Structures are given as structure tokens and as C-alpha cells.
Amino acid sequence: MIVHHVGYLVPSIEGAMESFSFLGFRKTGEVVRDEERKVFISFLSGANRALVELIQPVDEQSPVYPLMVRQGPGTYHLCFSVPRFEKESLLPRLKGLRFVPVGKIAPAPACENQEVGFFYSNKIGLIELLFTSDG
Ligand code: NI
């Protein structure tokens, strides 16, 4: 699988930009509000095209707010891109590896409404899969 981005939880996207700019990252587009997940999202691209997804809870009702309070700002998930046609064969294999789905697989406004799903393993933590339509 191909790493698509590193999800990075922050209390404020604007507050994080000074440091990420220093680290060589630039915003690739506008900040997107994900109503379903109650987060603001901004994608940043680094010098070697590494993608970082900054995730800011909209408010204290956001599902990721308690995690941010608990762990502080930092990496949150690794996202891998998977061709959409591999989804059905992949899910049972993930289950076999004892990955537990976290929420439903659903379109993500910040990723051109392609479907994403989160899976938790007690061996490696949280991963995200981005099911890409373009192969
Ligand atoms: Ni992500």
C-alpha cells in the first residue's frame, strides 16, 4: 500500500502553520470543514511531496476533541491509499489481522468525497484507508 498522508491533530490549524511552514510545508488548498466528523482539515505538502493532514476539532463536541486533550497535538493516523476495487477483498483481511472498524466507511469532503475508513489495531493503533477512484 502507498502512504497517502499523515494525520496530525492540532488545537488550531492557523496556530500550527508557523511551525509547519518552518518545517517546509505549504497548504495545498483551502481549509475544509467536515460536518460529519466535526473537524476542520487542511492538507499540507512538504518538500518531498509528503502530505500532512492537519485536523482541528470544530469544538468540544468533536469526536477527536477528547483525544487531543488526552495526547496533546501530534500524529493521529497514517493514511494509506487503496484502489476502490480492492475494498471488498481487503476488509476481511483487515478483520483477520484484528483491525476493528472505527465508524463507518464514508465519503470525506477533504478528499474529493472519496470514501475513507478508519481501523484500529491494538498492535499499531489507528490507520485510515482512502479508497481512490483513480486506480
Ligand atoms: Ni486522514
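Residues numbered from 1 in each chain as written. Predicted model: local features only at pLDDT ≥ 70, side-chain atom pairs only at ≥ 80, totals over all residues. Heavy atoms only, no water.

**Re the overall build of the chain**
Rule in force here: Each helix corresponds to a stretch of at least 4 residues labelled H or I by DSSP, and each strand to a stretch of at least 2 residues labelled E; elements are numbered beginning at the N terminus. Taken over C-alpha atoms, the radius of gyration is set against a globule rule of 2.2 Å times the number of residues to the power 0.38. With a 1.4 Å probe rolled over the protein chains alone, any residue whose accessible area is under 20% of its type maximum counts as buried; one over 50% counts as exposed, and the rest are partly exposed. Only the protein chains shown count as cover for residues, with accessible areas throughout obtained via the Shrake-Rupley method and a probe of 1.4 Å.
The secondary structure content of the chain amounts to three helices and nine strands. For the chain, the sequential pattern of α-helices and β-strands runs β-α-β-β-β-β-α-β-α-β-β-β. Computed over C-alpha atoms, the radius of gyration of the chain comes to 15 Å, within 12% of the 14 Å expected from 2.2 N^0.38 for 135 residues, which places it in the range of a compact globule. Projecting the C-alpha coordinates of the chain onto the three principal axes gives extents of approximately 40 × 30 × 25 Å. Taking all 135 residues of the chain together, the buried fraction comes to 42%. Carbon and sulfur atoms make up 55% of the accessible area of the chain, which amounts to about 8300 Å² in all.

**Topic: the pattern of salt bridges**
The criterion, for reference: Salt-bridge detection follows one rule: a side-chain nitrogen of Lys or Arg within 4 Å of a carboxyl oxygen of Asp or Glu.
Enumeration over the complete set of coordinates arrives at four salt bridges. Notably, a salt bridge pairs E14 with K27, separated by 2.7 Å at the nearest N-O pair. Residue E14 is located in helix α1 (residues 13-22), and its partner K27 is located in strand β2 (residues 26-27); the two are separated by 13 residues in the primary sequence. One salt bridge connects R33 with E35, and the closest N-O pair in it is separated by 2.9 Å.

**With respect to the coordination of the nickel ion**
Definition in use: For Na, K and Ca the donor cutoff is 3.2 Å, while for all other metals N, O and S atoms count as donors only within 2.8 Å; water does not appear among the atoms, so some sites may look incomplete. The geometry test gives tetrahedral to four donors whose angles all lie between 85 and 135 degrees, gives square planar to four donors and octahedral to six donors whose opposite members are over 155 degrees apart with all other angles between 65 and 115, and gives irregular to the rest.
Of the protein atoms, only H5 (NE2), E53 (OE), H77 (NE2) and E128 (OE) coordinate the nickel ion, at distances of 2.0 to 2.1 Å. One can describe the donor arrangement at the nickel ion as irregular, given that its four donor atoms subtend angles of 86 to 179 degrees at the metal. Within one chain, the residues donating to the nickel ion are spaced in sequence as H-x47-E-x23-H-x50-E. In this pair, H5 is assigned in strand β1 (residues 2-9) and H77 in strand β6 (residues 74-83), connecting sequence segments 72 residues apart. Residue H77 is classed as buried on the basis of its relative accessible area, which comes to 5%.

**Describing the packing of aromatic side chains**
Put simply, the test is: The aromatic pairing rule takes the rings of Phe, Tyr and Trp, using the six-membered ring of Trp, and pairs them if the centres are within 6.5 Å, calling planes under 30 degrees apart stacked, those over 60 edge-to-face and the rest tilted.
Within the structure shown, the criterion is met by three aromatic pairs. Geometrically, the ring pair formed by Y8 and F20 is edge-to-face, given 5.1 Å between the ring centres and 90 degrees between the ring planes. Residue Y8 is located in strand β1, and its partner F20 is located in helix α1; the two are separated by twelve residues in the primary sequence. Accessibility expressed as a relative area gives 25% for Y8, which makes it partly exposed. Judged by its relative accessible area of 8%, F20 is buried. For the ring pair Y76 and F118, a centre distance of 6.4 Å and an interplane angle of 25 degrees mean the geometry is stacked. Here the residue Y76 occupies a position in strand β6, and F118 occupies one in strand β8 (residues 114-121), the gap between them amounting to 42 residues. Each of the two residues, Y76 as well as F118, counts as buried. Joined through ring pairs, the aromatic side chains of Y8, F20 and F25 make up one cluster.

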